[in-house]
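Report on the structure
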Amino acid sequence: MMIQSLAMGRYGSYVWSAYGVSALLLVATIALTWRAYVRAVAELRRLERDDEASSP
Amino acid sequence: MIGYANPRRFLDATRPLLPWLFAASAGLIATGLYLGLFAVPPERQQGDAVRIMFIHVPAAWIAMGAYALIAISSVWALVNRHPLADVAAREAAPLGALFTALALITGSLWGKPMWGTYWVWDARLTSFLLLFFLYAGYMALWNATEDETRAARAAAILAIVGAVNLPIIKFSVDWWNTLHQGESIFRSGGPAIAAVFLWPLFIMLTGYTALFAGLWIVRIRTAILRRMIRTRVSPEYSR
């Protein structure tokens, strides 16, 4: 029953491919976007700390 | 609204929004996926292939909505020289291109079992492919020159001119003889789709919209932070 519902008639490969590609691209985009943001935050904080350390 | 022209104020105002946007998108997309994959019955003509609609249609709507956003932001940037307008437009483009690609790919995977082909050069599909090329061209213009002011202006003009493609996409199924089916949701006389299919569709659309908004805001925040970094590293840098 489970295998039948995953097979989705004769459309299973198309349906799961569509959902799989969508999930892959969306998760990759979320990860890359967040990584770039976290790196920018870390870099700015480092520069602010360096400024504070070097100021009299 | 003009107050958000101040990048610091934009950063402060958008920080509390992000957890809500991402939580909402996760919940809505999870609900939409469950309904679309397991709860909705097979459609009479399409069978289980109808389930592709729940990721194809929302992706297409976001793709078009994102381009409209870029065009509007571009007008704002050119006319009012709003400091964040061109940043907002530039950061929406990769996301819009992503959703356009998703719509094209999922549409092809629906088309093969339904039409017997992954692709056909009908008006809807062709104009949607053109949308993808417009996104690519827009992003290429931003990277074409080191002079950001010139790049922003050229990209804005392309975005505004390219917006003519949006009504062409929308009405292509009415104006030409297309393989792609006609309008079945936003039409006079109401949707031609049963409620059992409409609800997961709108839940997925709302989830995708929240996800787009969250990612767009994160990208704008990243761009602002990078500009602040550049200013600190090279104090003469300013725009």
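The notes below deal with the structure included here. Computed from a predicted structure; not experimentally measured.

Rules of the game
Residues numbered from 1 in each chain as written. Chains lettered and ligands numbered in written order. Predicted model: local features only at pLDDT ≥ 70, side-chain atom pairs only at ≥ 80, totals over all residues. Heavy atoms only, no water. Contact = heavy atoms within 4.5 Å. Buried area = accessible area lost by both parts, 1.4 Å probe. Salt bridge = Lys/Arg side-chain N within 4 Å of Asp/Glu carboxyl O. Polar contact = N/O pair within 3.5 Å; in protein donor to acceptor, adjacent residues only side chain to side chain. Axes fitted to C-alpha atoms, helices over the stretch in contact; angles between N-to-C directions. Helix = DSSP H or I, 4+ residues; strand = E, 2+ residues; numbered from the N terminus. Parallel < 35°, antiparallel > 145°, perpendicular 65-115°, else oblique. Left-handed = near helix turned anticlockwise from the far one by under 90°. Nonpolar A, V, L, I, M, F, W, Y, C, P; charged D, E, K, R; others polar.

**A few points about the interface of chain B and chain A**
Listed as interface residues are 37 residues of chain B and, on the opposing side, 26 residues of chain A. Across the chain B to chain A interface the summed buried area is about 2,800 Å²; carbon plus sulfur atoms make up 80%. Our count for the chain B to chain A interface comes out at two salt bridges. For Arg232(B), the salt bridge goes to Glu48(A), with nearest N and O atoms at 3.9 Å. Across the contact surface, chain B and chain A share three residue pairs in polar contact (both at pLDDT 80 or more).

**With respect to the packing of helix H5 (residues 123-142) of chain B against helix H6 (residues 148-162) of chain B**
Each pair of packed helices can be summarised by the angle the axes make with each other and by the distance between the axes. Residue and element names in this part refer to chain B. Contact geometry of H5 with H6 gives a least axis separation of 8 Å together with a crossing angle of 165 degrees. Our classification of the angle between H5 and H6 gives roughly antiparallel. Crossing hand, H5 versus H6: right-handed. Note on element contacts: H6 touches H5 through Glu148, Ala151, Ala152, Ala154, Ala155, Ala156, Leu158, Ala159 and Gly162, opposite Leu134, Gly137, Tyr138, Leu141 and Trp142.

**Thoughts on the packing of helix H4 (residues 85-115) of chain B against H5(B)**
Residues and elements named next belong to chain B. In contact at an axis separation of 9 Å, H4 and H5 are set at 150 degrees when each is read in the N-to-C sense. Accordingly, the angle class assigned to the pair H4 and H5 is roughly antiparallel. Considering the relative orientation of H4 and H5, their crossing is left-handed. Packed against H4, whose contacting residues are Asp86, Ala89, Arg90, Ala93, Pro94, Gly96, Ala97, Thr100, Ala101, Ala103, Leu104 and Trp115, the element H5 presents Leu125, Phe128, Leu129, Leu131, Phe132, Tyr135, Tyr138, Met139 and Trp142 at the interface. Of the residues in the contact of H4 with H5, the class split is 17 nonpolar, two polar and two charged.

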